[in-house]
Amino acid sequence: MPYLPDTLPFPAPDMDAAEFWAHCRERRLMFQACGDCGTAQHPPLPVCPACQSTNRVWVPAPAEARVFSYTFAHHASHPAVRDRLPYNVAVIAFPALPGVKLISNVIDAAPSALAVGADVELAWDAGPDGLWLPRFRLLT
Ligand SMILES: [Zn+2]
């Protein structure tokens, strides 16, 4: 069972994010980076925030990831999540890509087990319409 129901409305990706989600559809977590200075960032942008280059490339997500921050949703923002409360929302950081922070969820984790700095690994979760969502699992 997916961490959050696939009946939860999914926002339509904008032009910059479309390629990120196309990679996710193939279960590949990729982040946009600058083809000139190498700076990676997320969410995707049309211009490098470090050098203003428009030369955009995609790099694979590093395996090393950790919880940068997290919170728990205790109120249903949509009827689809009413039976999933409380659920966590976590900001995942990748030490090898300092400009990248990904908002996601940590699955299969007791609320008391979540901690800032906890090491996590990528765990693909089924989303709507054949999409795969990058979620994370605590490393023990
Ligand atoms: Zn750059």
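Above this text sits the structure in question.
Treat the numbers as computed from the prediction; the structure is a model and nothing was measured. (Residues numbered from 1 in each chain as written. Predicted model: local features only at pLDDT ≥ 70, side-chain atom pairs only at ≥ 80, totals over all residues. Heavy atoms only, no water.)

Novice: Looking at this structure, how should I read the environment of Q52?
Specialist: Within the secondary structure, Q52 sits in the loop between β2 (40–41) and β3 (56–60). The class of Q52 is exposed, set by a relative accessible area of 53%. For the pair Q52 and E121, spaced 69 residues apart in the sequence, the C-alpha separation amounts to 32 Å. (Helix = DSSP H or I, 4+ residues; strand = E, 2+ residues; numbered from the N terminus. Buried < 20%, exposed > 50% of the residue type's maximum accessible area, 1.4 Å probe, protein only.)

Novice: Just to check I follow, could you spell out helix α1 (residues 18–25) for this structure?
Specialist: In an α-helix, one full turn covers 3.6 residues, which means residues spaced three or four apart are oriented alike. Every buried residue belonging to α1 is among F20, H23 and C24, and all of these are buried. Taken down its axis, α1 places every buried residue within 100° of arc, on the same side. Buried positions along α1 lie against β1 (30–34), β3, β6 (101–104), β8 (119–126) and β9 (132–138). Where α1 ends, the next residue or the one after it, R27, has phi of about 55°, a positive value. (Arc of directions from axis to C-beta. Contact = heavy atoms within 4.5 Å.)

Novice: Before we go on, may I ask you to explain the packing of aromatic side chains in this structure?
Specialist: Overall, the coordinates contain 6 aromatic pairs when judged by the stated rule. On the basis of an interplanar angle of 80° and a centroid distance of 5.8 Å, the ring pair of Y70 and F72 is categorised as edge-to-face. Counting every residue linked through ring pairs, the aromatic cluster contains F10, F20, W21, F31, F94 and F136. The ring of W132 carries R27 above its face, with NZ or CZ at 4.0 Å from the centroid. Geometry around F68 places K101 over its ring, the cationic atom sitting 4.7 Å from the centre. (Phe/Tyr/Trp six-rings, centres within 6.5 Å; stacked < 30°, edge-to-face > 60°. Lys NZ or Arg CZ within 6 Å of the ring centre and 35° of its normal.)

Novice: Whenever I open this one, the sheet that holds strand β4 (residues 65–73) confuses me. Can you help?
Specialist: Strand pairing in a sheet relies on backbone hydrogen bonds. The paired strands run either parallel or antiparallel. Reading across the sheet, the 6 strands line up as β6-β5-β4-β8-β9-β7 and stay open at both edges, with mixed pairing between neighbours. Every other strand in the sheet has two partners, leaving β6 and β7 (106–107) as the edge strands with one partner each. Across 2 bridges, β7 lies against β9 in parallel orientation. Among the inter-strand pairings, V106 is bridged to a residue of β9, identified as F136. (Pairing = 2+ DSSP bridges.)

Novice: It is not clear to me how the coordination of the zinc ion should be interpreted in this structure. Could you clarify?
Specialist: Between any two of four tetrahedral donors, the ideal angle at the metal is 109.5 degrees; between two of six octahedral donors, it is 90 or 180 degrees. Each protein donor to the zinc ion is listed here as C34 (SG), C37 (SG), C48 (SG) and C51 (SG); together their distances run 2.3 to 2.4 Å. Here the zinc ion binds 4 donor atoms, and the angle range of 102 to 116° at the metal identifies the geometry as tetrahedral. Read from N- to C-terminus, the donor residues coordinating the zinc ion fall into the pattern C-x2-C-x10-C-x2-C. In this pair, C37 is assigned in the loop between β1 and β2 and C51 in the loop between β2 and β3, connecting sequence segments 14 residues apart. Overall, the relative accessible area of 40% leaves C37 in the partly exposed class. (Donors = N, O, S within 2.8 Å, 3.2 Å for Na, K, Ca; no water. Tetrahedral: all angles 85-135°; square planar, octahedral: opposite > 155°, others 65-115°.)

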